[in-house]
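# Commentary on secondary and tertiary structure
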Amino acid sequence: LERSLKDAKAKGVKVNSFVLINPGNPTGQVLSKKAIQDIVQFCSRHGLVLLADEVYQENVYDENSEFYSCKRAAAETGLIEDDAIELVSFHSTSKGIFG
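This section reports on the structure supplied with the text. Here the residue index of a chain counts from 1 through its sequence in written order. Totals for whole chains, interfaces and linings use all residues, but because this is a predicted model, local features are given only for residues with pLDDT of at least 70 and pairs of side-chain atoms are given and counted only at 80 or more. Note: side-chain values were computed over all heavy atoms of the structure, leaving out hydrogens and water.

## Focus on the environment of lysine 34
Looking at the element boundaries, lysine 34 is found in helix α2 (residues 33-46). Between the C-alpha atom of lysine 34 and that of glutamate 63, which follows or precedes it by 29 residues, the distance is 18 Å. Put simply, DSSP H or I for four residues or longer makes a helix, DSSP E for two residues or longer makes a strand, and each gets a number counted from the N terminus.

Next up, the structure:
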């Protein structure tokens, strides 16, 4: 992430946000708790708005995987309490049905 941000800035790109799609659709593959925590801390550190597309959070098919939200990660790392992150989390009940 750090390298990609640095490269974008070197090319004159003004980076102001980070879009995360988790879980993936249609596979239901989820990022680990550690990965999500790293992402929220990265966004906080660089002043990036985190746009978390989490509409498929109910569609996790691997019994050994668990969905971990960006809001939960931000709260557990103290970023919400410290008002240190801008987070927009998307969720939709219509996307949480099987069939």
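Once you've had a look at it, read on.
## Focus on α2
Multiplying 1.5 Å by the residue count of a helix minus one yields the expected span of that helix. Taking 1.5 Å per residue as the helical rise, α2 with its 14 residues ought to reach 20 Å, and the 20 Å between its terminal C-alpha atoms agrees with that figure. Exposure categories follow from relative accessible area, calculated using a 1.4 Å probe and restricted to protein chains: below 20% of the type maximum is buried, above 50% is exposed, and the middle band is partly exposed. For α2, the complete set of buried residues consists of Ile36, Gln37, Ile39, Val40, Phe42 and Cys43. A positive backbone phi angle near 65° is found at glycine 47, which sits one or two residues after α2.

## Considering the side chain of glutamate 54
In this structure, glutamate 54 sits in the loop between β2 (49-53) and α3 (70-76). We treat Lys and Arg as the positive residues and Asp and Glu as the negative residues; His and chain ends play no part in the count. Note on definitions: salt bridges are taken to be side-chain nitrogens of Lys or Arg within 4 Å of carboxyl oxygens of Asp or Glu. Lacking a salt bridge, the buried glutamate 54 has lysine 71 as its closest oppositely charged neighbour, with an N-O distance of 9.3 Å. Polar contacts here mean pairs of N or O atoms no more than 3.5 Å apart (in protein, one a potential hydrogen donor and the other a potential acceptor; neighbouring residues in sequence count only if both atoms are side-chain atoms). In this structure the side chain of glutamate 54 is engaged in a polar contact, spanning 2.8 Å, whose partner is the backbone nitrogen of cysteine 70. In contact with glutamate 54, other than residues within four places in its own chain, are Asn22, Phe67, Ser69, Cys70, Ser89, Phe90 and His91. Contacts are assigned to residue pairs with any non-hydrogen atoms lying within 4.5 Å of each other.

## Comments concerning the pattern of salt bridges
Two side chains of opposite charge can pair, provided their charged atoms sit close to one another. All chains considered together, the criterion is met by 5 salt bridges. The salt bridge involving aspartate 38 is made with lysine 34; its shortest N-O contact spans 2.9 Å. Taken together, the positions of aspartate 38 and lysine 34, both in helix α2 and 4 residues apart, correspond to about one turn of that helix. Judged by its relative accessible area of 32%, aspartate 38 falls in the partly exposed class. Here lysine 34 falls in the exposed class, since its relative accessible area comes to 54%. Between glutamate 66 and arginine 72 there is a salt bridge, with its nearest N and O atoms 3.9 Å apart.

## A look at unusual backbone geometry
Peptide bonds are mostly trans, and most non-glycine residues show a negative phi. Residue asparagine 22 is joined to proline 23 through a cis peptide bond whose omega torsion reads -5°. With respect to the helices and strands, proline 23 occurs in the loop between β1 (17-21) and α2. Unlike most non-glycine residues, aspartate 83 shows phi in positive territory, near 55°. Assignment of secondary structure puts aspartate 83 in the loop between α3 and β3 (86-90). For aspartate 83, a relative accessible area of 69% corresponds to the exposed category.

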